[in-house]
Amino acid sequence: MSDITIPSYRVRPERENAPWRMLAVTGGLIGALGCGGAVVWGLHRSATPAAVPVIEPDPRPIKVRPEKPGGLVVPNQDNLVLEPPAVRRAVELNADEKARLAPGPEAPALDLLRERVAPPTAEPPPAI
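Owing to the predicted nature of the structure, the values given are computational and were not obtained by experimental measurement.

Calculation notes
Starting afresh in each chain, residues are numbered from 1 along the sequence in its written order. pLDDT decides what is reported in this predicted model: residues at 70 or higher carry local features, side-chain atom pairs at 80 or more are listed and counted, and totals for whole chains, interfaces and linings draw on all residues regardless. Just so you know, side-chain values use all the structure's heavy atoms and leave hydrogens and water out. Comment: elements are numbered from the N terminus, with helices defined as DSSP H or I runs of at least four residues and strands as E runs of at least two. Per-residue and other accessible areas were derived by the Shrake-Rupley procedure at a 1.4 Å probe size, with only the shown protein chains allowed to occlude residues. pLDDT runs from 0 to 100 and stands for how confident the predictor is about each residue. Salt-bridge detection follows one rule: a side-chain nitrogen of Lys or Arg within 4 Å of a carboxyl oxygen of Asp or Glu. We call a residue buried when its accessible area falls under 20% of the maximum for its residue type, exposed when it is over 50%, and partly exposed in between, using a 1.4 Å probe and counting protein chains only.

K.L.:
Looking at this structure, I do not really get the overall build of the protein chain. What am I missing?
P.N.:
Summing up its helical and strand segments, the protein chain has 3 helices and 0 strands in all. Secondary structure elements of the protein chain, listed N to C terminal, follow the sequence α-α-α. Element-wise, carbon and sulfur atoms account for 62% of the exposed surface of the protein chain, whose accessible area totals about 14100 Å².

Structure, rendered in structure tokens:
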């Protein structure tokens, strides 16, 4: 065994820190120049004030009269499809043949439907 104690860390050789210092000084100079430029630009801009924009209403009229008064022509406006059935029947009775509406849908035959759905009736067994 030897009498030399070896530390648990290694001694590193010293490096020259000039590149890092140079970068820090250069960054500081660029930042100072940027701040100075912003101040000069702000002072120059405030020396020549710009005109304040004015918001004005639209000069055109809001409403315009139509060229042909009478309104919009809606096609099929005389059809009675959306009227209640009582009104349609009254119009059909009073109208001529050209104005008649098509007949309504067929009414279902409820008796026939009930017969088809109803279970068959049980017939008594024949007597022997």
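K.L.:
What is the right way to look at the confidence of the model for the protein chain in this model?
P.N.:
Reading predicted coordinates in detail is not appropriate for stretches of low pLDDT. On average, the protein chain scores 79 in pLDDT, and the residues at 70 or more come to 81%. Within the protein chain, the element-level pLDDT minimum falls on helix H2 (residues 85-94), averaging 81, and the maximum on helix H1 (residues 18-47), averaging 88.

K.L.:
How should I be thinking about the pattern of salt bridges in this particular structure?
P.N.:
One side chain can pair with another of opposite charge once the charged atoms of both are near each other. Under the counting rule described, the total for this entry stands at 2 salt bridges. Between Arg 60 and Asp 58 there is a salt bridge, and its shortest N-O distance comes to 2.7 Å. When its relative accessible area of 60% is taken as the criterion, Arg 60 is described as exposed. Judged by its relative accessible area of 46%, Asp 58 falls in the partly exposed class. In this structure, the salt-bridge partner of Asp 111 is Arg 114, at a minimum N-O distance of 3.7 Å. One end of the pair is Asp 111 and the other is Arg 114, both in helix H3 (residues 110-117) and 3 residues apart, which spans about a single turn. With a relative accessible area of 56%, Asp 111 lands in the exposed category.

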